[in-house]
Amino acid sequence: MMKFLYARVSSNDGSQHIDRQICEKDKYDDVFIDYASGGSTHRPKLQEMLKWIRTDDVVEVHSIDRLARNINDLLQIVKIITEERHAEIYFIKEQLRFTDDSDNPFNQLTLQIIGSIAEFERNMIRMRQKEGIAIAKQKGVYSKKRCKKLSLSQMEQLKQDIANKVRVCTLIKKYGITKPTYYRYKKNFDK
């Protein structure tokens, strides 16, 4: 019997921390960490873990929403682990344990309810994000375009203009850049 830990955060840019999910790393034979959205099962470490699992192994996950944010994906992954691999999955936060023993309908109901709540929460986040983007577009402050990158000669000219104390708003128009981009260049010039 082997014991695995699966952990997931949506990004590895530092805005989300994996630490709370992997407290006692030493008690596991292997730890699988994905830096990807829970909206898809196409996560490299999840797929790798599913290949490793054998009969009587145990998979632990900090919470249900770390395994999947979609009820169908959640049920499918739990089914693969329990019914196809004949292993066990344990959700630490919810204190729920699932095996290939189908005699516990309460566990199945609980999994479906909590999974549905995780999916609902994800949909609410998306809705709020769309509302925020719509408001930002109305105000004219939202753009999917990347900031314009200046050529080396433009950067030298910008550096000279900054040294000559040309107004910020003039430089932004002249080079077709945003204020944050201007200040990023200025900060690099000051180094």
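Residues numbered from 1 in each chain as written. Predicted model: local features only at pLDDT ≥ 70, side-chain atom pairs only at ≥ 80, totals over all residues. Heavy atoms only, no water.

Draft legend 1. Just the overall build of the chain, in detail. Looking only at helices and strands, the chain has seven helices and five strands in total. Along the chain, helices and strands appear, N-terminal first, in the series β-β-α-β-α-α-β-β-α-α-α-α. Within the chain, the proportion of its 191 residues that are buried is 36%. Counting contacts in the chain only where the partners sit at least 6 residues apart, residues at least 24 apart contribute 61% of the total. Approximately 12600 Å² of the chain is accessible, and the part contributed by carbon and sulfur atoms is 51%. Taking the average location of the 36 positive side-chain charges in the chain and that of its 26 negative ones, the two points are 18 Å from each other. (Helix = DSSP H or I, 4+ residues; strand = E, 2+ residues; numbered from the N terminus. Buried < 20%, exposed > 50% of the residue type's maximum accessible area, 1.4 Å probe, protein only. Contact = heavy atoms within 4.5 Å. Areas by Shrake-Rupley, 256 points an atom, 1.4 Å probe, with all protein chains shown as cover. Lys, Arg positive; Asp, Glu negative; His and termini not counted. Charge placed at Lys NZ, Arg CZ, Asp CG, Glu CD.)

Draft legend 2. Just a negative patch on the surface, in detail. Where like charges cluster on the molecular surface, the negative patch consists of Asp56, Glu83, Glu84, Asp100 and Asp101. The topology assignment puts Asp101 in the loop between β5 (96–98) and α4 (105–139). We classify Asp101 as partly exposed; its relative accessible area is 42%. (Patch = residues over 30% accessible without salt bridge, like charges linked within 9 Å, V, L, I, M, F, W, Y side chains within 5 Å. Salt bridge = Lys/Arg side-chain N within 4 Å of Asp/Glu carboxyl O.)

Draft legend 3. Focus on the confidence of the model for the chain. Of the residues in the chain, 92% reach a pLDDT of 70 or more, and the chain-wide mean stands at 85. Per-element mean pLDDT across the chain ranges from 84 in helix α7 (residues 179–190) up to 96 in strand β3 (residues 58–61). (pLDDT = per-residue confidence, 0-100.)

Draft legend 4. Focus on the packing of aromatic side chains. The full count for this structure, using the stated rule, is four aromatic pairs. Considering the side-chain rings of Tyr182 and Tyr183, the 4.9 Å spacing of their centres and the 80° angle between planes classify their relative orientation as edge-to-face. Given a relative accessible area of 43%, Tyr183 falls into the partly exposed group. Note that Arg97 overlies the ring of Tyr90, its terminal NZ or CZ placed 4.2 Å from the centroid. (Phe/Tyr/Trp six-rings, centres within 6.5 Å; stacked < 30°, edge-to-face > 60°. Lys NZ or Arg CZ within 6 Å of the ring centre and 35° of its normal.)

Draft legend 5. A look at unusual backbone geometry. At Asp56, a position not held by glycine, the phi torsion is positive, near 75°. By the element assignment, Asp56 lies in the loop between α1 (44–52) and β3. Overall, Asp56 belongs to the exposed group, its relative accessible area being 52%. The backbone phi angle of Lys165 is positive, close to 60°, even though this residue is not glycine. Considering the arrangement of structural elements, one finds Lys165 in the loop between α5 (152–163) and α6 (168–175). Under the relative-accessibility criterion, Lys165 is labelled exposed at 74%.

Draft legend 6. Representation of the side chain of Arg43 in the model. As for its position among the elements, Arg43 is in the loop between β2 (30–35) and α1. Notably, Arg43 is buried but unbridged: the nearest opposite-charge side chain belongs to Asp34, and the N-O separation is 4.9 Å. Within polar-contact distance, the side chain of Arg43 engages the side chain of Tyr6 at 2.8 Å. Ignoring anything within four residues of it in the chain, the contact list for Arg43 reads Tyr6, Arg8, Asp34, Ala36, Ser37, Gly38, Arg66, Leu67, Ala68 and Ile77. (Polar contact = N/O pair within 3.5 Å; in protein donor to acceptor, adjacent residues only side chain to side chain.)

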